[in-house]
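Topology and contacts: notes
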Amino acid sequence: MVVGTIVSFVVALLVGGLAIYVGARVVADVDDYGHAVVTAFVGAVAWAITSWIPLIGTLVALVASIWVINWRYPGGWKNAAIIGVIAWLAALVILIVLNGLFNLGISAFGVPGA
């Protein structure tokens, strides 16, 4: 049970990192998968800290997630938002393929809504 949870967490983090890597590669021309995985982790922590706020938690958490991308990658808020959208789309595609082929039932850690 614990091993399965750890494996699920690691796979979800790697998927989230891959999705952010795709977005950052396209928008900011940054080619560093490790940087993207750390960004996914920090973004997930920011989401967890802020999403519980009543009524506006989801919006605050989304802004916090984009702030993390803005902090970790060059280009400002607009590029950070674009990286986030591309990461979300990439995560959906990755998850459809992984969950469709292997029936894993995982999500993308660090990519809101995926």
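All of these numbers come straight from a predicted model, not from anything done at the bench.

Conventions adopted
Residues numbered from 1 in each chain as written. Predicted model: local features only at pLDDT ≥ 70, side-chain atom pairs only at ≥ 80, totals over all residues. Heavy atoms only, no water. UniProt positions renumbered as here; feature names shortened; annotations may be inferred. Helix = DSSP H or I, 4+ residues; strand = E, 2+ residues; numbered from the N terminus. Domains from an automatic or database assignment. Contact = heavy atoms within 4.5 Å. Buried area = accessible area lost by both parts, 1.4 Å probe. Polar contact = N/O pair within 3.5 Å; in protein donor to acceptor, adjacent residues only side chain to side chain. Phe/Tyr/Trp six-rings, centres within 6.5 Å; stacked < 30°, edge-to-face > 60°. Buried < 20%, exposed > 50% of the residue type's maximum accessible area, 1.4 Å probe, protein only. Lys NZ or Arg CZ within 6 Å of the ring centre and 35° of its normal. Patch = residues over 30% accessible without salt bridge, like charges linked within 9 Å, V, L, I, M, F, W, Y side chains within 5 Å. Areas by Shrake-Rupley, 256 points an atom, 1.4 Å probe, with all protein chains shown as cover. Salt bridge = Lys/Arg side-chain N within 4 Å of Asp/Glu carboxyl O.

**Let's talk about the UniProt feature "transmembrane region" (unreviewed entry) in the protein chain**
- Residues annotated in UniProt with the feature "transmembrane region" (unreviewed entry) correspond here to residues 6–24, 36–69 and 81–102.
- Secondary structure across residues 6–24 divides into 100% helix and 0% strand, with the first and last C-alpha atoms of the span separated by 26 Å.
- Between the end C-alpha atoms of residues 81–102 there is a gap of 31 Å, over a span that is 100% helix and 0% strand.

**A few points about the domain arrangement of the protein chain**
- Segmenting the protein chain into domains produces domain 1 (1–30) and domain 2 (33–113).
- With centres defined by C-alpha atoms, the gap from domain 1 to domain 2 works out at 9 Å.
- Listed per partner, the contact involves 19 residues of domain 1 and 24 residues of domain 2.
- Surface buried jointly by domain 1 and domain 2 totals about 1900 Å² across both partners, of which 88% is contributed by carbon and sulfur atoms.
- Our count for the contact surface shared by domain 1 and domain 2 stands at 2 residue pairs in polar contact (both at pLDDT 80 or more).

**As for the environment of Gly-110**
- Positionally, Gly-110 belongs in the segment after helix 4 (76–102).
- Sequence separation of Gly-110 and Leu-59 is 51 residues, and the distance between their C-alpha atoms is 15 Å.
- If sequence neighbours within four positions are ignored, Gly-110 has contacts with Ile-20, Ala-40 and Ala-44.

**Here we look at the packing of aromatic side chains**
- Per the stated rule, a full pass over the model turns up 4 aromatic pairs.
- For the ring pair Phe-9 and Phe-109, a centre distance of 5.0 Å and an interplane angle of 70° mean the geometry is edge-to-face. Of this pair, Phe-9 sits in helix 1 (residues 2–27) while Phe-109 sits in the segment after helix 4; the two residues are 100 residues apart in sequence, bridging distant segments of the chain.
- Accessibility expressed as a relative area gives 27% for Phe-109, which makes it partly exposed.
- Members of the aromatic cluster, each reached through a chain of ring pairs, are Phe-9, Phe-41 and Phe-109.
- Across from the ring centre of Trp-71, 5.8 Å away, lies the NZ or CZ of Arg-72, which sits over that ring.

**Quick word on a nonpolar patch on the surface**
- Together, Val-2, Ile-6, Phe-9, Val-10, Leu-14, Leu-18, Tyr-33, Phe-41, Val-45, Ile-49 and Trp-52 make up an exposed nonpolar region whose accessible area comes to about 1000 Å².
- Secondary-structure elements contributing two or more residues to the nonpolar patch are helix 1 and helix 2 (33–50).
- In terms of residue count, helix 1 provides more of the nonpolar patch than any other element does, 6 residues in total.

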